[in-house]
Amino acid sequence: MKVAIIGTGYVGLTTGVCLAEMGHDIICIDKIKSKIEAFEKGECPIYDPGLPELVVSNYREKRLLFTTNLKEGIKNAELIFICVGTPAKANGETDLTYIKQAVKEIKEYLDHYAVVVQKSTVPVQTAQWIKQQLIEKADVAVNPEFLREGTSVQDFFNPDRIVIGTDSARANGLLTELYKPLNTPIIHTDLNSAEIIKNASNSFLAMKISYANLVAKLCDKAKADVHTVMAGVGMDKRIGKEFLDAGIGYGGSCFPKDLESFEATFKQHNVDASLLDGVRKINTEQVEYVLSLVEKTLDVKDKVITVLGLAFKPNTDDVRMSQSIVLIKKLQAKGAKVKAYDPKAIENAKKELENVEFFEDKYLALKGADLVVVATNWPEFKTMDLYKIKEQTNKVIDGRNIFDPERMKGLGFDYKCVGRNK
Ligand code: UDX
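Model, not experiment: these values are computed from the prediction.

## So, the overall build of the protein
Next up, step 1: Within the protein, the regular secondary structure consists of 18 helices and 14 strands.
Next up, step 2: Along the three orthogonal principal directions, the C-alpha set of the protein runs to about 70 × 50 × 40 Å.
Next up, step 3: Within the span of the protein, comprising 422 residues, buried residues form 52% of the whole.
Next up, step 4: Of the contacts made within the protein by residues no fewer than 6 positions apart, 71% connect residues no fewer than 24 positions apart.
Next up, step 5: Working note: accessible area of the protein is about 19400 Å², and carbon and sulfur atoms make up 51% of it.

See the structure below:
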């Protein structure tokens, strides 16, 4: 099929590249010229395992094209995916400027039948508005994306479900055909329900994490182990074992923003959503909790603190709303000297932080440290040479629960983590 993708952020680029890999003819449209030029040179501005290789191979095979010109880009498209950014406004509501701009241009330039597919995460009734704008021009569908950064390609090809929300049989038929090779259960629904499926899923996952973090604090007080507790809880199939890892809290470009946006939607519809308010509050407090563990261990003023991990999670260079960045700023405000290491995210972190000494080597970052904090659960931290850490300092705060508390204490570490401090 001929598909145009508007917006080449994580969702747009992954969707375009993976659909090209499935054999479709894809054209990715983005207003940022430098981005498009980079793609055409075979560069991929996003670090995500497997993604750069697929950009290069599909571009070479001419199944994947790039343009800054929306009019040209949508010329022959049967499907037009809107994957533009939906940032948050100061009050937590979603800023739909880019969506509106894209719809305005589609309305102006579309000269044939097409299905316009809303893929960006938006508040309910956005697609309904798009439909009104494009009436008699195009059919509209909602097809939310559930991929995670760091595993975006794998998630695209192995989704748990595909959601197709539309009241057009033709649009439904085209999208069903598009995704057929993935052999995944499809839920067919209306526009509004499809949008809420995405909002409610993200908020539910954020709620699971905050729940684990809440229980972790009780575990610390009551001398229990949150790791074992959540393993026991998650073995109930109705609950599920994923997204129950306690730690420094969730970050990233989705959960914090999407939760606030969902809260704003409840408010607009006069439905009390204090449950979600609690989820957000727990997450904000979580970084304070890790900071309190640091302060219980030493007075941070003028001390050298090495922070391992800057990305909001492993396998990405993304530092947006990273709890690690929040923690570093708090440590600095209390007078600490911060050294930091991350395998991929240093360049992005440099844009967010000042007066931090960055290292390309984790062991060099440890030199002279008075205390080490693990802030991102990169797999390479789990297998670190603990003796090398011990040579520098015995004080380790594990904000991601990657080490075994018994072993750390056995090795003589002054070790604290989240919910396992028996
Ligand atoms: C999320 C959703 O998972 C995805 O379906 C949606 O499309 C986009 O938002 P992403 O933001 O890429 O994906 O990351 P995710 O893997 O969900 O992690 C989000 C945050 O939660 C990270 O900071 C991570 O470290 C944290 N997390 C995750 C925990 O603290 N504990 C957990 O058990 C799981």
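## Observations regarding helix α6 (residues 126–133)
Next up, step 1: Turning to α6, its buried residues number three or more, namely Thr 126, Ala 127 and Ile 130. Considered in projection along α6, the buried side chains sweep an arc of 95 degrees and stay on one side of the axis.
Next up, step 2: Check the buried side of α6 and you find it contacts β4 (79–82), α5 (97–109), β5 (115–118), β6 (139–142) and α9 (191–222).

## A word on the site of the ligand
Next up, step 1: For the ligand, the set of nearby residues contains 18 residues, the closest of which are Phe 146, Leu 147, Glu 149, Phe 312 and Lys 313.
Next up, step 2: Glu 145 places a polar main-chain atom, nitrogen or oxygen, 3.5 Å from an oxygen atom of the ligand.
Next up, step 3: Taking 670 Å² as the accessible area of the ligand by itself, protein coverage stands at 92%.
Next up, step 4: Top contributing element to the shell around the ligand by residue count: α9, with three residues.

## Observations regarding the pairing of strand β7 (residues 162–166)
Next up, step 1: The buried fraction of β7 is high, at five of five residues.
Next up, step 2: Of the strand pairs in this sheet, β6 and β7 are connected by two bridges, and their pairing is antiparallel. Within β7, the position partnered with Ala 141 by the bridge is Thr 166.
Next up, step 3: In terms of strand pairing, β7 meets strand β8 (residues 186–189) through four bridges, oriented parallel.

## Here we look at the environment of Thr 68
Next up, step 1: Here Thr 68 lies in the loop between β3 (64–67) and α4 (70–73).
Next up, step 2: As a C-alpha pair, Thr 68 and Ser 34 span 34 residues in sequence and 9.7 Å in three-dimensional space.
Next up, step 3: The contacts of Thr 68, once residues within four sequence positions are left out, are Ile 29, Asp 30, Lys 31, Ile 32, Lys 33 and Ile 36.

## Details of the environment of Pro 379
Next up, step 1: Relative to the helices and strands, Pro 379 resides in helix α16 (residues 379–382).
Next up, step 2: Spatially, the C-alpha atom of Pro 379 lies 9.0 Å from that of Asn 315, the residues being 64 residues apart in sequence.

## Focus: the packing of aromatic side chains
Next up, step 1: Throughout the structure, instances matching the rule amount to seven aromatic pairs.
Next up, step 2: Relative to Phe 255, the ring of Tyr 250 has its centre 5.8 Å away and its plane inclined at 90 degrees; by these criteria the two rings are edge-to-face. Here Tyr 250 matches Phe 255 in class, with each residue buried.
Next up, step 3: Three or more aromatic residues joined by ring pairs form one cluster here, namely Phe 39, Tyr 59 and Phe 66.
Next up, step 4: Sitting over the face of the ring of Trp 129, Lys 100 holds its NZ or CZ atom 5.9 Å from the ring centroid.
Next up, step 5: Sitting above the plane of the Tyr 289 ring, Lys 217 keeps its charged end 5.9 Å from the centroid.

## Quick notes on the sheet that holds strand β9 (residues 304–308)
Next up, step 1: Reading across the sheet, the six strands line up as β11-β10-β9-β12-β13-β14 and stay open at both edges, with parallel pairing between neighbours. Among the strands making up the open sheet, the edge pair consists of β11 (356–359) and β14 (414–417). Averaged over all pairs of adjacent strands, the angle between their axes in this sheet comes to 20 degrees, without regard to strand direction.
Next up, step 2: Here five bridges tie β9 to strand β10 (residues 337–341), and the two strands are oriented parallel to one another.

## A short note on helix α13 (residues 323–333)
Next up, step 1: Along α13, the positions that sit buried rather than exposed are Gln 323, Ser 324, Ile 325, Leu 327, Ile 328 and Leu 331.
Next up, step 2: Among the structural elements, α12 (274–297), β9, β10, α14 (346–352), β11 and β12 (371–374) are those in contact with the buried residues of α13.
Next up, step 3: Gly 335 occupies a position one or two residues after α13 and carries a positive phi of about 95 degrees.

## Looking at the pattern of salt bridges
Next up, step 1: This model, assessed by the stated rule, comprises 24 salt bridges.
Next up, step 2: With a shortest N-O distance of 3.2 Å, Asp 25 and Lys 2 are connected by a salt bridge. Of this pair, Asp 25 sits in strand β2 (residues 25–29) while Lys 2 sits in strand β1 (residues 2–6), placing them 23 residues apart in sequence.
Next up, step 3: Of the charged contacts in the structure, one is a salt bridge between Lys 31 and Glu 105, with a shortest N-O distance of 2.7 Å. Remark: Glu 105 occurs in helix α5 and Lys 31 occurs in the loop between β2 and α2 (33–40); sequence separation between them is 74 residues.
Next up, step 4: Exposure remark for Lys 31: the relative accessible area of 58% places this residue in the exposed category.
Next up, step 5: What makes Glu 105 buried here is its relative accessible area of 12%.

Cut-offs used in this document
- Residues numbered from 1 in each chain as written.
- Predicted model: local features only at pLDDT ≥ 70, side-chain atom pairs only at ≥ 80, totals over all residues.
- Heavy atoms only, no water.
- Helix = DSSP H or I, 4+ residues; strand = E, 2+ residues; numbered from the N terminus.
- Buried < 20%, exposed > 50% of the residue type's maximum accessible area, 1.4 Å probe, protein only.
- Contact = heavy atoms within 4.5 Å.
- Areas by Shrake-Rupley, 256 points an atom, 1.4 Å probe, with all protein chains shown as cover.
- Arc of directions from axis to C-beta.
- Near = heavy atom within 4 Å.
- Polar contact = N/O pair within 3.5 Å; in protein donor to acceptor, adjacent residues only side chain to side chain.
- Pairing = 2+ DSSP bridges.
- Phe/Tyr/Trp six-rings, centres within 6.5 Å; stacked < 30°, edge-to-face > 60°.
- Lys NZ or Arg CZ within 6 Å of the ring centre and 35° of its normal.
- Axes fitted to C-alpha atoms, helices over the stretch in contact; angles between N-to-C directions.
- Salt bridge = Lys/Arg side-chain N within 4 Å of Asp/Glu carboxyl O.

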